[in-house]
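# Observations on the model geometry
Residue-level listing of the chains:
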Amino acid sequence: MTGKNVHHPRPPIEMGLGAVCAQTLNGTSAENGEALTLALDACVLAENEGMDSAWFSEHHFAADGYLPSPLTMLAALSQRTERIRLATNIMIGPLYNPIRLAEDAAVLDHLSNGRLMLGLGLGYRESEYAGLGRNRRERGRRLDELLTVLRQAWSGKPVEFHGLSDYSTPPVTPSPRQEGGPALLVGAFADVGIRRAAELGNGWIAPELSHPKALSKRLAVLELQTRTEPFHVALTINAFVAAQDAWATVRPGVEHVGRQYRSWLNESGDLPSLKGKQFGSDGDAGGKPPQFVAGTPRQCIDQLLPWWQILADLPANVTGHITIRTIYPGVPRQATLESVRLLAREVLPALRASTPPSH
C-alpha cells in the first residue's frame, strides 16, 4: 500500500463486521486455520460489498482459539483491502507495553494507508492478567497510562511519563501515517469507563446492550453536545441474516459463545449486571436471546432500525458505527459469507435510506 492517503466520503453512520475473533467449537488446528481464513475472507467480502469497517477482538488462553493477536490479523487484512477502516473491538489495553504498541500501531497505520483505529478496554479475566504478567487490580491506571503514552509517542517528540511504569524514550519511529496517530476508542460498560472515553479517547465503544434505551442512557454520560472535535461512537450488535432459518443456522455457534462468555464472567466476578445477558440465557421460546438480531433481511432491518435511529441523532462531529458480529463457530462458511452479503446488499442500504438527509 503506497502513495498518499486517499480520502473517501464517509456516511454519518457506518456499518462494519465486529468482534471478529475466529472462535471454533473444538479448538483443533484444522478449525483454527479455517476460522482465521474465514475471518479475513469475510472482511474482504464486506469491503467489496460496500460495508465500512472491520473490528477484531482479543482474548487469551481460550481453548476454542479465540483470537489473541488482533493486530496481526489487521496487518494481513491491510494488504487485501483498500478502503474499509481497520479497527479493534477491543484490545485489552493494560496488557500492552505502551511504547511497543505505539510502534506496532504506527507500522500498521502505514500498511493500511492511514485506516487504523484502536479500540481499547480493561478486560476482566484474571487468567489473562496473570498469564501475561500484569496485576489486574492496576488495570484502570494502566489503561489511563496507555492512552496518555500512546498520544505522546505519536507526537513526534520524546516520551516522558512517570506512573506505575516510567517511560523515557526518544521519539517513536516511524510516526503514524495519520497525523497524531490513529483514533483511540475506549470500550466500556460502566459510567467511569465511559467518562474515560470522553476524557482520554477519541471515541466510545458500547458493549452489547439489552435495549436502545440503555444506549441512550450511556450516551448522555459522554455529553456529546459539548464537544466540537471529531468523536466516534461504536455499537456492538450480534446478528445473523439468512433468507430462511437464520436462528436455526446460527444457534449452535451463539450458544457456544454464550457459554464461553458466561464462564469467563463467572470466573472473574466482574460485570455482575452482564452475567447471563450477553448472548443471553433468557431467550424466547426458540432459545434466541431477545437482543440477538436474526432473521430475513426485512426482519433484521426492523430489529436494527431503533439502534440506527439513535446514532442518526448524534451531533454532526460524531461518527456512529454499528459493528455487527455475524461470524460464529460451527456455522458453515457459505452461510456466514451469505449473511455478510445480505447485510451489505439489503440491510445496510435500507438503514441508510432511513437516515434523514439533513444529518
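## Looking at the confidence of the model for the protein
Averaged over all residues, the pLDDT of the protein is 92; the fraction at 70 or higher stands at 91%. Segment residues 1-8: pLDDT under 50, and 17 contacts once partners within four positions in sequence are set aside and those in other chains are kept. A low-confidence stretch, residues 273-278 (pLDDT under 50), is modelled with 16 contacts involving residues beyond four sequence positions or located in other chains.

## A short note on empty space enclosed by the protein
Applying the stated criterion across every chain, the model contains two cavities of 30 Å³ or more. Looking at the largest cavity, its volume works out to about 50 Å³. The wall of the largest cavity is formed by Glu208, Leu209, Thr236, Ile237, Asn238, Gln291 and Trp307. Here the residues of the lining of the largest cavity are counted per class, giving three nonpolar, three polar and one charged. Of the volumes computed, that of the second largest cavity is approximately 40 Å³.

## Some points on helix α6 (residues 191-200)
All of the buried residues in α6 are Gly193, Ile194, Arg196, Ala197 and Ala198. Structurally, α6 contributes buried residues whose contacts are with α5 (139-153), β8 (183-187), β9 (203-206), α7 (212-222) and β10 (231-241).

## A closer look at the side chain of Arg218
Within the element layout of this structure, Arg218 appears in helix α7. Residue contacts for Arg218: discarding those within four places in its chain leaves Phe189, Ile194, Trp204 and Leu209.

## Considerations on the nonpolar core
If you look at the biggest cluster of nonpolar residues, it comprises 104 residues, and the most contacted ones within it are Met15, Phe56, Leu120, Trp204 and Val233. Residues within four places of Met15 in sequence aside, it is in contact with Met51, Asp52, Ser53, Leu304, Trp308, Ile322, Ile324, Leu343, Leu348 and Leu351. Ile90, Ala183, Leu185 and Ile205 belong to the second largest nonpolar core, which has eight residues in total.

## Quick notes on the environment of Gly180
Position of Gly180 among the secondary structure elements: in the loop between β7 (166-169) and β8. Take Gly180: its relative accessible area is 35%, and that puts it in the partly exposed class. In the structure, Gly180 is positioned 56 residues away from Thr236 in sequence and 26 Å away in space, judged by C-alpha atoms. Excluding residues within four positions of it along the chain, Gly180 makes contact with Arg151 and Trp154.

What counts, and where the lines are drawn
Residues numbered from 1 in each chain as written. Predicted model: local features only at pLDDT ≥ 70, side-chain atom pairs only at ≥ 80, totals over all residues. Heavy atoms only, no water. pLDDT = per-residue confidence, 0-100. Contact = heavy atoms within 4.5 Å. 1 Å grid on protein atoms, 1.4 Å probe; cavity = no way out; pocket = protein on both sides within 12 Å on 5 of 7 lines; lining within 4 Å. Points joined across faces, edges and corners; volume = space filled by probe spheres on them. Nonpolar A, V, L, I, M, F, W, Y, C, P; charged D, E, K, R; others polar. Buried < 20%, exposed > 50% of the residue type's maximum accessible area, 1.4 Å probe, protein only. Helix = DSSP H or I, 4+ residues; strand = E, 2+ residues; numbered from the N terminus. Core = buried A, V, L, I, M, F, W, Y, C linked by side-chain atoms within 4.5 Å.

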